[in-house]
Every structure is written in structure tokens, then in C-alpha cells.
Amino acid sequence: MKSTIKIFVFLFIVVFAGTVKSGELPPLIPAPASIRMGTGTFKISSDVVIVVPKGDRDLQENALLLTGQLLASTGFRLKIVNSTASAKKAIRLLINKTPNNTTGDEGYFLEVKPSGVKILANHPAGLFYGTQTLIQLIPPGRQPELIKTPKEIPALSITDYPRFEWRGLMLDVSRHFFGKEFIKKYIDQMVKYKFNVFHWHLSDDPGWRIEIKKYPQLTRVGAWRVPRTGKWGTYEGPEPGEAATDGGYYTQADIREIVKYASDRYVTIVPEIDIPGHSQAFVASFPAASCTGGQYIVYPGSSTGMGANVLCAGNDDNFKILDDIFGELASLFPGQYIHIGGDEVNKEFWKGCQKCKKRMAAEGLKDEHELQSYFIKRVEKIVESKGKKLIGWDEILEGGLAPNAAVMSWRGTEGGIASAKAGHHVVMSPTQFCYLDYQQTDWSIERTGGGFLRLSDVYKFDPLPEGTDKKYILGGQGNVWTEFISTPARVEYMTWPRALALSEVLWSAGKGRNPDEFIRRTEAHFFRFDAAGVNYSHAIYDPFIIPVKNPAGNLVLTFSTEAKGLDIYYTFDSTLPDRYSARYNNLPVEIPKGASEVKAVTYKDGKPAGRLLLLSINELRQRAL
Ligand code: ACM
């Protein structure tokens, strides 16, 4: 390790361990590998130009994107020029003449001096990430206060590169459909935090979302279901004669447009067609595709699990249809991976199916797990025949993994660890750290997804379990399942700020993380979300109560918030707490006799911050057990 890099690493640990006063460093997310503050500032005003070498289309594109982002964050539309001769104040984008070993394919060096800004990288992707860091140095503001006021950014130098090559977010557009303009906005937001994989969950029981030219019925039938609100418990099935009006799909022209939009921003799209389970929309479009051959409807509720229909593994026509579908997919998506799902296959359908039994006998398969393995291996051959690699959820391990398959480990990290040991590539996406549909606050404040996952929990994620060979761990991914998310604003609310924690886990060094310091930086990004019109959750300000039994056997309550430095007020009578109620003083609170409920609110800097938490004492007693 070169000594300068050692100093940088040291600085990173010291600085982000919080021993240096906060405020000295810009609140960058993800934290860069190394940062050294200089003296003075660089002023961005209308006379600054962006300089890129002539003739390089990727760099021109980078410069163009930068002008757009600078316009949004400064109010100035800067010129792009190819020569520095006339430019006094410039932001220069440069490719290294000899590659820098430290920064690799996606890293960059960023230098801000009072006289100018320079971003250097080995590849255009690195330059792009350098520009995203530059944008974060500009103080956030809203129009119109931005207009015509020069923005000062601090002199500094940053050397930065990612820890993992797969930094993904998955969006389920099947359970609820989100149009292409929102997908672009989502990608815009992802790249600000250096995510580079958009996993697009395009098919599931409640909807098929991609036009397949050879099989128009997949979208004519499969993209539409009867409208029902995503809610807990059971859904109501269709009324007699009720039309399936809820849904939508992307045309192939839409897909091409989005693929190009993503690729201009160094995002690879991994399309997912979820088979052989989660296939009721497919089966509704092709009745012969199921084990029974009956006529099914697109799953009418958004909340599906193991209950919905699957593809018959004994029907050769299914593999022919899949060959055609994956052929069209391969021609639309330039990335190397196609995701084939493979999760939660309800094997009861196969158990009762003569065709599946015949297949098992013919192929010498001893159980339905081996039948699942047969199915996936056959699909792998199809995917590879189109020049692509197969990735699937960790159930594809059941009955034996396909020879070259990559695995996305969601039921914990065990499947990922086993796959990496066997020499397969792995993306870690375990529910306990990565499921962004899970609720981020106490369910009594808001019930969203099934599980519970706070920002600080996401930040504890390490995609590289001890003893696992990093060579096989491509990286990690956050997943946004949309059973209970029906609007773009809700998708954003569930994604942010928790995806900030993932961004840092996936990009920044694995050591030296300080959760409180990270949450302080997160709060600085709330202003950026506001300025960009992006919804996000303030759950870090919500009160949180942990009931415990004290040594005397009485129930006592401790109150907390994820963000530090808030004041928490509570009541045990029926009144709404405010800043004149009892204030929590960090000592366990005894429950007064006769109290049936507790209410709590939080204040930050004297202003109401979190939402009201109301819990019955009975509920707290249950939780303390
Ligand atoms: C999954 O959550 N069923 C992959």
C-alpha cells in the first residue's frame, strides 16, 4: 500500500469514526475511500465552463448530464468546451493517460481548488461517479433561491472507488405497475448514490409487464387484473363480469428507451421473468402452461406468496415459449444477466400432475426439488443460448444448482455462502437487511410490509460474510416489493433514506462505520430529497419504545429515536403529548398504576419531528415476554 493511500485510509477511519468534529467534512454518501480537506472554496457561477477532451462521446454525454444536474442545483447553465485555452474557471473531466491501479473501473480522483475542479478516472464510469460526488458538494437549495447566487464548494481532494461491483436496487412493477417516467426518476435518484444495477421485477402473479412481440396475450391478458387496494389479509375476488382494468406494461420501445437512459448513467438493467413459481399472470395468458390446464385469472390481489399458480415442468411447450421470451429479452437488455426468479415455487401443483410425474420418471428425478433443479438447468441452457448468464433467487439451489448460475441470496446469507463455496457468483440480498418493503417504524404508527427493518439495521449489513471468498460476492441489493406500495411516492418513501445505508455498505470501505455519524450525514440529504421532489421517510425521528421487566418484575419503558439529540415527550393519560409533557430523561420509565396506554412524540430543535406513537400497555406486556 502506498503511504499516501495509507494516510487516506487512516483519515477515513478517523474522520468517519466521528473523532473529527462533524461539519469539517462534507456529508457525502456513500463516504469516499479517502478525503483530504484543502483551504478555500471554488465558486460555481455562470462563467464556469466544463472542459472535456474533443471527440469522446461518453465524456460529452457525462458533461451534458453534469450540466443538467448543475442547472438543477445551482441555477446556472454552464457551457461545455473542448479546450482549456480560454477557460479561466473550469471543471475538467479527464481520462487517465496511464491507468491508476487504485481507482479501478469505477473509481475517480476529484480535486477542488479555488482555481478550478478536476476529475480524473480510468473510465467514463469513474468520471460519472466523480461528478455525482461533485454535485453533493454543492449546498442543497430550492428554486428560486438558487438563481444567480454563486455556490461555493470546499477545496479538497478525494480518491474514491467502490467496494463491490453490484450495487443494486430491485423494483417490483408487477404487484403494482409504475410507468416509464417514474422508472427514469428512480434511476436518476439511484445514480446520485452510485447504484449501478436496476433489477426490474417484470413478471409475477398479479401482472406481466413487458411486451413480447411473439405472444401479445402476455400483456393483453397478463398485464391486467381487477382493481383492489393492497391491504393486509384477504383480497376480494372479481365480481361476476368485472373487468380487469388495473395494470399496464412497457412496450418494447419503452424498454429500449429506459435501457438507453440507464446505460447513459452507467446503470445495468437486470430484467426478471419469475418462473416457474409466481407465474399466475403467465398461466392466465396461456391456460395450457399450468399443470391442470384450467383457465386462471391474473391474480386479483397484490399480495401473493405460495398460493398462486406455477408453470408445469412436464410440458415441453412451456420451454419453447420461454425460449422465445428469453430471446426477445436478450435482444432488449444488453447486460450480461437475465434473472429467472425461481423463488417460492408451490410444488403442490407438481405433486398432483401426471405430466410432471412422467418427467420425473423419464429424467430419474427423485423428488420435486430435483424437478425444480431440472427446470432451472433447462432454462439456464436457454438463457445461455441467447448469450446471457442466469441469475436466480436462492431456491435455485434446491435439488442442485445449474452449472453456471449466479445466486441472489434472499432467505438470509446461507444460500449465498454455500453458492460462493461452490464457486458460483452471488448477490447478497437477505431479508433482514435488504427488504425495503419492510416497515421502518413501529407498526402502530404505520403498517407497511411484513417485516421490520430500520435505517440503522440496513447500515449493519455486510455483504461479505467472514470466510467467504470476495471473488464470488458480486455485491448486494435492496429490494422493493410492492404488495402494499401502489404509488410512485410510496416507492420513494420506502426506498429513501434506507437505500442511502445500502449505498454506503456497497460502495464504501467495510470498516470504520459509525451509525450515529452516518445518520447525521443522512439528515443532510433530506434537504436534497426535498429539493429534488423525492419523497422519503422521516422514521428516524419517530419515537420507539422498548418494554423490559426490571429486577422487581415490573414493566418499565425505555424510549429512543434512531437520530440522536431529539427530545421525547410522553403521556400515560389520554392526552396528546407535546413539549410541555413529561420529558424522557434516559432513565427507564415506570408505568403508573391504572395506565392503559402510552403516547410519545419527539421534538428536534424545539419543533415537532416524529409521528405520534400510541401503544396499549397490554401490547407492551406482550412485547416484553
Ligand atoms: C422473494 O422475496 N420471494 C425473492
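No experiment lies behind these values; they were computed from the predicted model shown.

1. A word on empty space enclosed by the protein
Then comes step 1: Throughout the structure, instances matching the rule amount to one cavity of 30 Å³ or more.
Then comes step 2: Reported here for the largest cavity is a volume of approximately 40 Å³.
Then comes step 3: Surrounding the largest cavity, Gln440, Leu455, Pro497, Arg498, Ser537, Ala539, Ile540 and Glu562 form its lining.
Then comes step 4: Broken down by class, the residue content of the lining of the largest cavity amounts to four nonpolar, two polar and two charged.

2. Observations regarding the pattern of salt bridges
Then comes step 1: Here the structure, examined in full by the defined rule, presents 37 salt bridges.
Then comes step 2: Glu211 is the partner of Lys213 in a salt bridge, and the nearest nitrogen-oxygen pair spans 3.5 Å.
Then comes step 3: Assessed through its relative accessible area of 53%, Lys213 is described here as exposed.
Then comes step 4: On the basis of relative accessible area, Glu211 is assigned to the buried category, the value being 19%.
Then comes step 5: The salt bridge partner of Arg411 is Glu398, with a shortest N-O separation of 3.8 Å. Residue Arg411 is found in the loop between strand 17 (406-409) and helix 12 (414-421), and its partner Glu398 is found in the loop between strand 16 (389-393) and strand 17; the two are separated by 13 residues along the sequence.

3. Looking at the confidence of the model for the chain
Then comes step 1: Residue-level pLDDT values for the chain average 92, and 93% of them are 70 or greater.
Then comes step 2: Averaged pLDDT values over the elements of the chain bottom out at 39 in helix 1 (residues 3-16) and peak at 99 in strand 9 (residues 197-201).

4. A few points about the sheet that holds strand 1 (residues 34-44)
Then comes step 1: Taken in spatial order, the seven strands make up an open sheet running 1-7-5-6-4-2-3, and their pairing is mixed. Two strands close off the open sheet at either side, each with one partner strand: strand 1 and strand 3 (79-81). Taking each pair of neighbouring strands and ignoring which way they run, the sheet shows an average axis angle of 20°.
Then comes step 2: Relative to strand 6 (residues 116-121), strand 5 (residues 108-113) is paired through five bridges, and the arrangement is antiparallel. The residue of strand 6 that forms the bridge with Leu110 is Ile119.
Then comes step 3: Helix 2 (residues 57-74) contacts strand 1, strand 2 (49-51), strand 3, strand 4 (90-95) and strand 7 (151-160) of the sheet and is inclined by roughly 150° relative to strand 4.
Then comes step 4: The strands touched by helix 3 (residues 124-137) within the sheet are strand 4, strand 5, strand 6 and strand 7, with strand 5 carrying the most contacts at an inclination of about 40°.

5. Thoughts on helix 11 (residues 368-385)
At 3.6 residues per turn, the α-helix brings residues three or four places apart onto the same side.
Then comes step 1: With 18 residues, helix 11 should cover 26 Å at 1.5 Å per step; its first-to-last C-alpha distance of 26 Å lies within 8% of that length.
Then comes step 2: Turning to helix 11, its buried residues are Glu368, Leu371, Gln372, Ser373, Tyr374, Phe375, Ile376, Val379, Glu380, Ile382 and Val383.
Then comes step 3: Against the buried residues of helix 11 lie strand 14 (268-275), helix 8 (316-332), strand 15 (337-341), helix 9 (348-351), helix 10 (354-363) and strand 16.
Then comes step 4: N-capping of helix 11 is provided by Asp367, with a side-chain oxygen placed 3.2 Å from the backbone N of His369.
Then comes step 5: Looking one or two places after helix 11, you find Gly387, whose phi comes out positive at around 85°.

Quick notes on the rules
- In this numbering scheme, every chain counts its residues from 1 along its sequence in written order.
- Side-chain atom pairs in this predicted model are given and counted only at pLDDT of 80 or more, local residue features only at pLDDT of at least 70, and totals for whole chains, interfaces and linings cover all residues.
- Only hydrogens and water are set aside; all other atoms, that is, all heavy atoms of the structure, feed into the side-chain values.
- Buriedness for pockets is judged along seven lines, at least five of which must meet protein on both sides within 12 Å for an open set on the 1 Å grid over protein atoms alone, while cavities are sets there where a 1.4 Å probe fits but cannot get out, and lining residues have an atom within 4 Å of a point.
- Grid points are joined across faces, edges and corners, and a volume is the space filled by probe spheres set on the points.
- For this scheme, ten residues count as nonpolar: Ala, Val, Leu, Ile, Met, Phe, Trp, Tyr, Cys and Pro. Four count as charged, namely Asp, Glu, Lys and Arg, and the remainder, Gly too, count as polar.
- Each reported salt bridge corresponds to a side-chain nitrogen of Lys or Arg within 4 Å of a carboxyl oxygen of Asp or Glu.
- Buried, partly exposed and exposed residues are distinguished by accessible area as a fraction of the type maximum, computed with a 1.4 Å probe on protein chains only: under 20%, between the cut-offs, and over 50%, respectively.
- What counts as a helix is a DSSP run of H or I of at least four residues, what counts as a strand is a run of E of at least two, and both are numbered from the N terminus.
- The predictor's confidence in any single residue is recorded as pLDDT, a number from 0 to 100.
- Pairs of strands are assigned from DSSP output, requiring at least two bridges between the strands.
- Here an axis means a line fitted to C-alpha atoms, over the contact stretch when the element is a helix, while the angle between two N-to-C directions is reported on a 0 to 180 degree scale.
- Contacts are assigned to residue pairs with any non-hydrogen atoms lying within 4.5 Å of each other.
- In a helix, the anticipated span is given by 1.5 Å times the number of residues less one.
- Whenever a nitrogen or oxygen atom comes within 3.5 Å of another N or O atom, the pair is scored as a polar contact, on the condition that within protein one atom can donate a hydrogen and the other can accept it, and that pairs from neighbouring residues in sequence are kept only if both atoms are in side chains.

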